[in-house]
Amino acid sequence: MHIRIQGPEGGMRLVAPVGPIGDLHRLTRPVTRAEDGSADSQALARGPRVTNTREETVKFIEQVRALENVEKLPALRREFYRFGSSGSFPVRGRGDLLHSFTVHSVPEYFFTESKQRVAEAAADALGAVFHRAKAEYDRARRNRMRQFLQEQQAEMLSPSILDHEHRGSAWLKQTLQRCADRIHADWASLFVWYDEPEKLVLYTSFNWYKSMEGVAFYRREQGWTGRIASGEQDVVVLPAQRVTDQTTNRYLESREPPEWRRKDGEPYAPHIGIRLHVGTKLIGVVVLGYYSANAGRLGDPDQVLMDFLQSMGQLLTFGVFWAQSETHANRADRLGRALSKVSELLLAQRPSLREWQDVVDQIRMGFSVERVDIYWVRDKRMESGMTSPHDLDRATGSPWEPYGLIRDLVIDNKEVEVRDASDPRLNSWPNDNGINALYAVPAVQPDRTVCAVLAFAYRTNTVDHPFTFLDAQERDAAKQIAATIGIAIGVRLEEQRRSELQSQLATATKIGAAGLYGGLLLHEMKTPLGIIKISSDVLRDFPPKDAAERVEYLVRIKASCDRAVQIINEAASRGARAAQLVSLQTLVREAVKVIEPEIPFTQINLTVHNKLTDNVRVDLYTMVGALVNLLYNALDAMRGAKGQLTVTTEHASQQQYLLIRIWNTGPPVLEEEVPGLFEPGMTTQRDGLHLGMGLPLAKTAIEAADGKIEMHSVAHSGVEVVVTLPLAERPASLVTKEAK
C-alpha cells in the first residue's frame, strides 16, 4: 500500500508522500491534476473516488501520468502500472476543501466497505489537523506582516529620514523597496496620478533596468497599469502566463523592467497591481513583479497576502501625500524667493539693462526651466528683449506684428500654452531656435496695456515629458512675476510722465512770472504762426497741381499773418484800454472768425447760433482770446475724425446772466479730471506744441469779468463748455423803443 497527500495550488500539489512510491515522487515536480482527474479539486468536491479493478486504475493513471512527469522515471512508471486499486478522498476543514488523501494498492478490490470508511475517517482527521495548522500559520504570517508595517511607520522618525533634505520622498522610496523585499518581488514601481496632464507618471522605482522617473507614464485604461487605475479592485494579481497579451504588457519592454531572465518556453512572470486612492480620488498605482525564473516566490495569493498588499497600499498612499506636500512646500519656497528677488530688483529703483538681465536669470533659476525670455511690447508690437541663459541666440529683426500667439498675448491679454512640438501655433512665435513647447504670459501695466511678455521655452516635447512643463503652482508664480514686471514698467512710465508734467509746469511758471498778459500773447501768437508754418511746408514739399488749391493755402497764410498783426497791435494798445461794453454777438463773432480758416482743412462741421445782442462789460481782446482757446481745444479733441462743433448763445435762467455754449463730439472727460484741466501746465496732448495754458488763461479772463466756466460730458454725445457772463445793460435800440 502506498499513501500520498496533495494540497491545492490552482489544482493539487504534492505535500507529503509516504511509502516507496513516495520516495520516487520526491524526484518529480509538483503535480497539477487535470480537471477531469480524480485528484482535481473540482472532482473531489463531488466526493471520494475509488477504483477496485486494474482497468479502472490504469485509466485513472493515464489521465494524470503526463502531468506527474512520470515519463522521466521508468521505475515510477512501472510501479504505477502495477496498481490494481486506487482511492482519492477529499480532506476538508470546516467545510472547505483543503487537500486530497490518495491511497494506491497493488491488489485489486483493496477497498472494502470498512477500509473505505477508515480512509474517509483518516481524511477527516487530516482535515482537522491541516485546518488548525493552517490557521496557526496564517496567524503567524499576519503578525509578522503587521509588525513589518508598524516598523515602516516607526521608520518615519528615524535619524536617517529626519536628517534627509527631502524626508517624505526618502521614506517613500525606502518603504517601496522594503515592501518589495517583504514579498520577495524582483522589482517595484510607484506611479503617481496628476490631474493636470491626466497621467500616471513614474515617481520612483526599485531594481528597474534603467532609471525612467518622470518619463514613463500611463493614461487611464492604457496598458495593464492604466487599467488598474480605472478598475474597482484595490489589489489585482496577474498570474504567470505563457501567451503575452499585447494590451496587458504593451510597455513591458520599454517602460517596465525587461524580461531578460525569462527563457524561451517559460511563462511571463506574475505582476501585482495596487491602486492607491482616498475615497474616489485616485492617488497612484504600485506595480510589483517577478522575473520568470523566480515566479514561484509569490506563493498562494491567499487572503493573508491580499490583506497585506492592501495595507501596504494604504501605507504608500500616506507616503505619496507626505512626499507631494513636501515637494509643494519646497517649490513654493523656491518660487517665493525668486519672486522676492525679482521684486527687489525691479521695484527698488529704476532697473538698468544689466539688472533686467539679472531678473531673467533669477526667474530661470527659481523655476528650474530650460529657457526664459522677456520681450518688450511697444505700440502693440513685440520686440526682442532679455534672454537666459546668455549664450542662447537672441531673436533679432524688426518688431513682430500681432498675429497668432503674439496677438493672443499683446491684443487679447491671454496666457498661451503649447505642449506639443507639432502644434502649428508655434509657427507664429518669433524665435524658432528649436522650441518645441512654450508657456507665455503678458505683463500688464496699471492702465491695462500690455508692456512686456514673459515666456518659458523648452526644446523638448513636453507631451512625452509631463514633468518638464510648468504645473499650476509654477504658472501662478509666473503670473505674479509678470504682474510685478508690469508694475515696474508702469512706475517707470509714470515717472517719465511726471517728469514731463513737471517740465510743463516749470514752463507755465515761467510764463506766469512774465504776467498773464505775456502768457496770453505767447499762446495767441502760437496759433497763427503754426498755421503759417504748416501751410508753407505743404506748398514746399507737396506743391498742389490745381491753381485753386494753391490759392486756398495762400489765403490761409494771409489770414494767419493778418491775425498775428492784429494780436500784436491789440497787445501794444492794451495798456491804455479798460473793460468796455461789447455785445455778446460781436464777442462770439470775433472769436469764431479766428478759427473759421481751420474748418475747411478738417472733417468738422461748424454750426453757430449767435443772435443775442445783449451787452457784457469785458476786455474785448482778452475775452476773444479766451473764447478762441476754448474753440481750439474743441477742434483738437476731434482732430483727425469727423465731428460737430456747435456754438450757441442764450439767456440763463437768471435773467442777469448770459450763456455761451461750446459743444463738440470729441471723447468724454471724466468728472474727476475736470479740475486738473484748468491747472497751468496740464495738457492731454503729447505733441510738444501744447503748453497746457489755454484753459487756465481762459478761466482767468472769464473770472476777471465776474463770469465762470464749467465743463462736463454729455451722455453719448461729447463734451460741452459753458461760459457764464453777467449782463451789463440792455441794447440801446431796445431802450429807445421803450422810451417812445
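This text gives an overview of the structure that appears in the document. (Residues numbered from 1 in each chain as written. Predicted model: local features only at pLDDT ≥ 70, side-chain atom pairs only at ≥ 80, totals over all residues. Heavy atoms only, no water.)

Now for the overall build of the chain. The secondary structure content of the chain amounts to 19 helices and 23 strands. Across the 740 residues in the chain, those meeting the buried criterion constitute 47%. A fraction of 65% describes how many contacts in the chain between residues 6 or more apart in sequence connect residues 24 or more apart. Accessible surface, the chain as shown: approximately 38100 Å² in total, 52% of it carbon and sulfur. (Helix = DSSP H or I, 4+ residues; strand = E, 2+ residues; numbered from the N terminus. Buried < 20%, exposed > 50% of the residue type's maximum accessible area, 1.4 Å probe, protein only. Contact = heavy atoms within 4.5 Å. Areas by Shrake-Rupley, 256 points an atom, 1.4 Å probe, with all protein chains shown as cover.)

To continue, consider the packing of helix H16 (residues 620-637) against helix H18 (residues 694-704). For the pair H16 and H18, the least separation of the axes is 9 Å and the interaxial angle reads 145°. Crossing of H16 over H18 shows left-handed handedness. Along the contact surface, H16 presents Thr622, Met623, Ala626, Asn629, Leu630 and Asn633, while H18 presents Gly694, Leu695, Leu697, Ala698, Ala701 and Ile702. Tallied by class, the residues present in the contact of H16 with H18 amount to eight nonpolar, four polar and no charged. (Axes fitted to C-alpha atoms, helices over the stretch in contact; angles between N-to-C directions. Left-handed = near helix turned anticlockwise from the far one by under 90°. Nonpolar A, V, L, I, M, F, W, Y, C, P; charged D, E, K, R; others polar.)

What follows is about the sheet that holds strand S21 (residues 657-664). Read from one edge of the open sheet, five strands run S18-S20-S21-S23-S22, paired in mixed fashion. The sheet is open, and its two edges are formed by strand S18 (604-609) and strand S22 (708-714), each paired on a single side. When strand polarity is set aside, the average angle formed by the axes of neighbouring strands in this sheet is 15°. As paired strands, strand S20 (residues 643-651) and S21 are joined by seven bridges and run antiparallel to one another. Residue pairing across strands places Leu645 opposite Asn664, the latter belonging to S21. Packing against the sheet, H16 makes contact with S18, S20, S21, S22 and strand S23 (718-726), and its axis sits at approximately 25° to S21. (Pairing = 2+ DSSP bridges.)

The next thing to look at is the packing of aromatic side chains. Following the criterion strictly, the structure yields 11 aromatic pairs and no others. When the ring of Phe110 is compared with that of Phe111, the centres are 5.1 Å apart and the planes differ by 85°; the resulting orientation is edge-to-face. In this structure, Phe110 and Phe111 share a single accessibility class: buried. A centroid spacing of 6.0 Å and a plane angle of 55° characterise the contact between Phe148 and Phe308, whose relative ring orientation is tilted. Note that Phe148 is positioned in helix H5 (residues 113-154) and Phe308 in helix H9 (residues 303-347), a separation of 160 residues in sequence. Accessibility classification places Phe148 together with Phe308 in one group, the buried group. A connected cluster of aromatic rings, assembled from ring pairs, spans Phe89, Phe110 and Phe111. It is Lys199 that lies over the ring of Phe217; its NZ or CZ is 4.1 Å from the centre. (Phe/Tyr/Trp six-rings, centres within 6.5 Å; stacked < 30°, edge-to-face > 60°. Lys NZ or Arg CZ within 6 Å of the ring centre and 35° of its normal.)

As a further point, take a nonpolar patch on the surface. Together, Leu347, Ile487 and Val491 make up a nonpolar patch on the protein surface, roughly 240 Å² of accessible area in all. Of note, Leu347 is situated in helix H9. (Patch = residues over 30% accessible without salt bridge, like charges linked within 9 Å, V, L, I, M, F, W, Y side chains within 5 Å. Salt bridge = Lys/Arg side-chain N within 4 Å of Asp/Glu carboxyl O.)

Attention now goes to the pattern of salt bridges. Under the defined criterion, the tally for this structure stands at 21 salt bridges. Arg142 serves as the salt-bridge partner of Asp307, at 3.0 Å between the closest nitrogen and oxygen. Of this pair, Asp307 sits in helix H9 while Arg142 sits in helix H5, and the two are 165 residues apart along the sequence. With a relative accessible area of 25%, Asp307 lands in the partly exposed category. Between Glu155 and Arg178 there is a salt bridge; the shortest N-O distance is 3.7 Å. Of this pair, Glu155 sits in the loop between H5 and helix H6 (159-162) while Arg178 sits in helix H7 (residues 167-182), and the two are 23 residues apart along the sequence. Where salt bridges share partners, they join Lys134, Asp138, Arg141 and Asp302 into one cluster.

Along the chain, the position of Asp423 falls in the loop between strand S14 (416-418) and strand S15 (437-444). Exposure remark for Asp423: the relative accessible area of 18% places this residue in the buried category. A distance of 3.0 Å separates the side chain of Asp423 from the backbone nitrogen of Arg425, its partner in a polar contact. (Polar contact = N/O pair within 3.5 Å; in protein donor to acceptor, adjacent residues only side chain to side chain.)

Moving on to helix H8 (residues 223-230). Counting buried positions over the eight residues of H8 gives six, a clear majority of the element. Residues Gly223, Trp224, Thr225, Gly226, Ile228 and Ala229 constitute the buried set of H8. Those residues of H8 that are buried lie in contact with strand S6 (187-194), strand S7 (199-206), strand S8 (217-218), strand S9 (235-238), strand S10 (271-278) and strand S11 (281-289).

Turning our eyes to something else, we now look at the packing of helix H15 (residues 584-595) against H16. Relative to each other, H15 and H16 sit at 50°, their axes nearing to 9 Å. Taken together, H15 and H16 sit at an angle that is classed as oblique. Handedness of the H15/H16 crossing: right-handed. In contact with Leu587, Glu590, Ala591, Val592, Val594 and Ile595 of H15, H16 contributes Leu620, Met623, Val624, Leu627, Val628, Leu631, Tyr632 and Leu635. The residue inventory of the contact of H15 with H16, partitioned by class, reads 13 nonpolar, no polar and one charged. (Parallel < 35°, antiparallel > 145°, perpendicular 65-115°, else oblique.)

A few words on the nonpolar core. Leu587, Leu630, Leu645, Ile660 and Leu725 are the most contacted members of the largest nonpolar core, which has 45 residues in total. Not counting residues up to four positions away in its chain, the partners in contact with Leu630 are Ile662, Leu695, Ala698, Ile702, Ile709, Val721 and Val723. Of all hydrophobic cores here, the second largest spans 38 residues; its members include Phe148, Leu176, Val286 and Leu298. (Core = buried A, V, L, I, M, F, W, Y, C linked by side-chain atoms within 4.5 Å.)

To continue, consider the pairing of strand S5 (residues 96-105). Most of S5 is tucked away, with eight of its 10 residues classed as buried. Taken together, the nine bridges between strand S4 (residues 85-93) and S5 define a ladder with antiparallel strand orientation. Paired with Gly93 across the two strands is Asp96, which belongs to S5. Connecting the antiparallel pair S4 and S5 is a turn made up of two residues, with Arg94 showing a positive phi of about 55°.

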